[in-house]
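So the chains spell out like this:
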Amino acid sequence: MATAREERVMVSEQVAPVLVARTLGAFDLVVIFVGIVLFIVNSASLQFAGPSLFIYWVVAFLTFLITGAFVTAHLGRMFPEEGSLYVWTHKALGPFWGFFAGFVAWWPGPIVMVLAGILVATFAQQIGTFLDAEILTESWQVGLVVLAVLWFGAAMSLLRLRVTQTYANIQFVFYAAAIFVMGLAGLVWLLSGNEPANSFAAENWNPFGGEALVLGIPALLTAFSFCVLALLGIEVPLNMGVEVKSADAIRKYLLWGCVFVMVAYLWTSFGNMVAVPLDENNATTGGAQAVGLAMNEGLGIIVALILMWFFLTSSMVYNYSFARLLFVSGLERRLPHQIGQVNRNQVPANAVILQTVISTLITIVVFFIIGTFTELDPNKPYLGLLAGVTIVWCISTALLFLDIFFAKRANPRRFEEARRVPVGFLYLCGAVGFIANILAVLFIFVGQWYPDLWPTLAEWNTWMIVITVVSVTVGVAIYFISEATSRRGKTEEELAAEAAAAGVTPEAERPTT
């Protein structure tokens, strides 16, 4: 049997279970999974690929989503702790790689929280288009919407998780209905006697079409990269591993969550492609646009409103789920110990607030300083940061797939107890998923996402490299600073005792009225 040292016992696995509440069931995890992974705007963004998009979706599902689900299910059963990838990598590869994996898995969270706010504003603008009105035309106006979204999410994330999650579950029902209508728009368009708005001819199904890019890579292969990136976040619901009520909930959320995501992306891609001509397609709001064209603008407005509501809620889901990685870092003394505290509602309030402040600062710089007081396009720094941080997120996912090769060595007994499929199949999933992840990153560097903002590939790649290197350097620096300061050679037992004593914020010690 492995010793405690061999198992690399963590402070958080000893302390977190007594600080937070075990409240999440399978349906809750499905909702969180959808809120993190299924940004349905990706269906509109990928319309440039034509019918070959459906091939790319299927390949991405097989090589990345499904393989990631098997790996996540195994690691989640093996180490059902708060912090998911942070803990799994710590167990498999050691404390440095554990914190590093946690950091690069966390950093995209605050950026996507801002993105969700931008999408709320974008759908508000689409509603204005339906009504022949222009709204939110100034950068500072968009910034105000983003700030409102961020702090609504923060306020909701500070409530008891059961309350917050119930709200998210209700919104999910409306989101599912909107997704159904977006795909149905395609059928309505055809049944109304219209020809498809875009050609489905055999030559348009060629996934290797388009002009050659760097290294002779066909332009359309970048669509595969987009498809993989649209599926990031498989393991995020298990950031709250200690708050999950049963191990069976892990299997159920990965099964039904993956099914929902796959069907939703294929269904809405179809509806958008059939009803909206590519040269008229809005790469963000195309789904609502399809409903407006195929059915009526009133229903298009309703769908846009529901999608606004979804992204408002998604920012909240990102906030409370990614805050758990900061929470674990605080318990492990990689960040100030206050970040590892919970409030009277048994949620990591300081982590939520810190994360929201970081997103707020990004919003202020982009939309109020750059967008209002300079002549620069505020979209350029934000979209560059979003793309660069996507590479960082892929680094964390690469570590997720690599963990499966080292998990058995970390704890052979737990590995076998958690295993539901042959070892060779798990390793195959790890290898295929890792390769798909690397290819997705490679394709980011062979063509600009936004040629209007980055006219040359060299400029685009410089931005990507600088953002990635700076992000990685910050994560490494935090680790070594924590080693030299807050941890100072203390044993895990000493740190656990300190964390248990400091794990509740002062107001949480007061009885509720």
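What you see is a predicted model, and the numbers here were worked out from it, not measured in a lab. (Residues numbered from 1 in each chain as written. Predicted model: local features only at pLDDT ≥ 70, side-chain atom pairs only at ≥ 80, totals over all residues. Heavy atoms only, no water.)

**Describing the overall build of the protein chain**
Piece 1. Secondary structure assignment for the protein chain yields 19 helices and zero strands.
Piece 2. Whereas a compact globule of 513 residues would reach a radius of gyration of roughly 24 Å, the protein chain reaches 23 Å, a difference of no more than 12%.
Piece 3. Sorting the 513 residues of the protein chain into buried and exposed places 58% on the buried side.
Piece 4. Sequence-distant contacts in the protein chain: of pairs separated by 6 or more residues, those separated by 24 or more amount to 83%.
Piece 5. For the protein chain, the accessible surface area stands at approximately 19600 Å², while carbon and sulfur atoms represent 68% of it. (Helix = DSSP H or I, 4+ residues; strand = E, 2+ residues; numbered from the N terminus. Rg over C-alpha atoms; globule rule 2.2 N^0.38 Å. Buried < 20%, exposed > 50% of the residue type's maximum accessible area, 1.4 Å probe, protein only. Contact = heavy atoms within 4.5 Å. Areas by Shrake-Rupley, 256 points an atom, 1.4 Å probe, with all protein chains shown as cover.)

**Comments concerning the side chain of N239**
Piece 1. Along the polypeptide, N239 turns up in the loop between α10 (222-229) and α11 (248-275).
Piece 2. Overall, the relative accessible area of 2% leaves N239 in the buried class.
Piece 3. Of the polar contacts made by the side chain of N239, one reaches the side chain of S84; its length is 2.4 Å.
Piece 4. If we ignore the near neighbours within four places in the chain, the residues touching N239 are E82, G83, S84, S321, F322, R324 and L325. (Polar contact = N/O pair within 3.5 Å; in protein donor to acceptor, adjacent residues only side chain to side chain.)

**Points about unusual backbone geometry**
Piece 1. With phi around 50°, L136 is a residue other than glycine that occupies positive phi space.
Piece 2. Relative to the helices and strands, L136 is located in the loop between α7 (108-130) and α8 (139-157).
Piece 3. A positive phi angle is found at R333, which is not glycine, with a value near 65°.
Piece 4. Inspection of the secondary structure assignment puts R333 in the loop between α13 (297-331) and α14 (349-373).

**Here we look at the pattern of salt bridges**
Piece 1. Under the defined criterion, the tally for this structure stands at 11 salt bridges.
Piece 2. Linking R251 and D248 is a salt bridge whose minimum nitrogen-to-oxygen distance equals 3.0 Å. With a gap of three residues between them, R251 and D248 both fall in helix α11, about one helical turn apart.
Piece 3. Residues K252 and D248 are paired through a salt bridge, measuring 3.2 Å at the closest nitrogen-oxygen approach. Here K252 pairs with D248, and both are found in helix α11, just four residues apart, close to one helical turn.
Piece 4. Under the relative-accessibility criterion, K252 is labelled partly exposed at 35%.
Piece 5. A single network of salt bridges, built from pairs that share partners, joins E82, E243 and R324. (Salt bridge = Lys/Arg side-chain N within 4 Å of Asp/Glu carboxyl O.)

**As for the environment of V472**
Piece 1. If you trace the backbone, V472 turns up in helix α18 (residues 457-487).
Piece 2. Assessed through its relative accessible area of 22%, V472 is described here as partly exposed.
Piece 3. C-alpha separation for the pair V472 and V392, spaced 80 residues apart in sequence, amounts to 7.6 Å.
Piece 4. Residues within four places of V472 in sequence aside, it is in contact with F100 and I395.

**Things to note about the confidence of the model for the protein chain**
Piece 1. Confidence in the prediction for the protein chain averages 91 pLDDT; 93% of positions are at 70 or higher.
Piece 2. For residues 1-6, every residue scores under 50 in pLDDT, and the model assigns this stretch six contacts once sequence neighbours within four places are set aside.
Piece 3. Below a pLDDT of 50 lies the segment residues 506-513, which in the model reaches nine contacts outside its immediate sequence neighbourhood of four places, other chains included. (pLDDT = per-residue confidence, 0-100.)

**Quick notes on the packing of α7 against α14**
Piece 1. Where α7 contacts α14, the axes come no closer than 9 Å and their chain directions differ by 55°. Overall, the two elements α7 and α14 adopt an arrangement that is oblique. Our pair here, α7 against α14, has a crossing hand that is right-handed. Residues P110, I111, M113, V114 and I118 of α7 form the contact with α14, whose participating residues are Q355, T356, I358, S359, I362, T363 and F367. (Axes fitted to C-alpha atoms, helices over the stretch in contact; angles between N-to-C directions. Parallel < 35°, antiparallel > 145°, perpendicular 65-115°, else oblique. Left-handed = near helix turned anticlockwise from the far one by under 90°.)

**What about the packing of aromatic side chains?**
Piece 1. Counted under the stated rule, the structure contains 43 aromatic pairs.
Piece 2. Note on F174 and W309: the rings are 5.1 Å apart at their centroids and 55° apart in plane angle, and the pair reads as tilted. Of this pair, F174 sits in helix α9 (residues 161-191) while W309 is found in helix α13, placing the two residues 135 residues apart along the sequence.
Piece 3. Exposure remark for W309: the relative accessible area of 25% places this residue in the partly exposed category.
Piece 4. In this structure an aromatic cluster arises from ring pairing among Y86, F96, W97, F99, F100, F103, W106, W107, Y479 and F480. (Phe/Tyr/Trp six-rings, centres within 6.5 Å; stacked < 30°, edge-to-face > 60°.)

**Thoughts on α10**
Piece 1. For α10, the buried fraction is high: seven of the eight residues fall into the buried class.
Piece 2. Taken together, the buried positions of α10 are occupied by T222, A223, F224, S225, C227, V228 and L229.
Piece 3. As for α10, its buried residues are in contact with α4 (52-78), α15 (379-410) and α17 (423-444).

**Brief notes about the environment of A387**
Piece 1. With respect to the helices and strands, the residue A387 is situated in helix α15.
Piece 2. Residues A387 and M464, 77 residues apart in the sequence, show an inter-C-alpha distance of 7.1 Å.
Piece 3. Excluding its chain neighbours within four sequence positions, the residues that come into contact with A387 are W449, W460 and M464.

**Observations regarding the packing of α4 against α10**
Piece 1. In the contact formed by α4 and α10, the axes pass within 9 Å of each other and the chain directions differ by 50°. Of the possible angle classes, the one that applies to α4 and α10 is oblique. Crossing hand, α4 versus α10: right-handed. Where α4 approaches α10, its residues L53, Y56, W57, V59, A60, T63 and F64 are matched on the opposing element by A223, F224, C227 and V228.
Piece 2. The residue inventory of the contact of α4 with α10, partitioned by class, reads 10 nonpolar, one polar and no charged. (Nonpolar A, V, L, I, M, F, W, Y, C, P; charged D, E, K, R; others polar.)

**Notes on a nonpolar patch on the surface**
Piece 1. A cluster of nonpolar side chains, W151, I353, V357, L361, I364, V365, I369 and F373, forms an exposed patch at the surface whose accessible area comes to about 710 Å².
Piece 2. Looking at the nonpolar patch, the element that brings in the most residues is α14, giving seven residues.
Piece 3. Relative to the assigned elements, L361 resides in helix α14. (Patch = residues over 30% accessible without salt bridge, like charges linked within 9 Å, V, L, I, M, F, W, Y side chains within 5 Å.)

**Some details on the side chain of T67**
Piece 1. Note that T67 resides in helix α4.
Piece 2. Judged by its relative accessible area of 6%, T67 falls in the buried class.

**Quick notes on the environment of V276**
Piece 1. Relative to the assigned elements, V276 resides in the loop between α11 and α12 (286-294).
Piece 2. Of the residues examined, V276 reaches a relative accessible area of 1% and is grouped as buried.
Piece 3. Along the chain, V276 and G183 lie 93 residues apart, while their C-alpha atoms are 12 Å from each other.
Piece 4. Aside from chain neighbours lying at most four places away, what touches V276 is A197, N198, N281, G286, Q289, A290 and L293.

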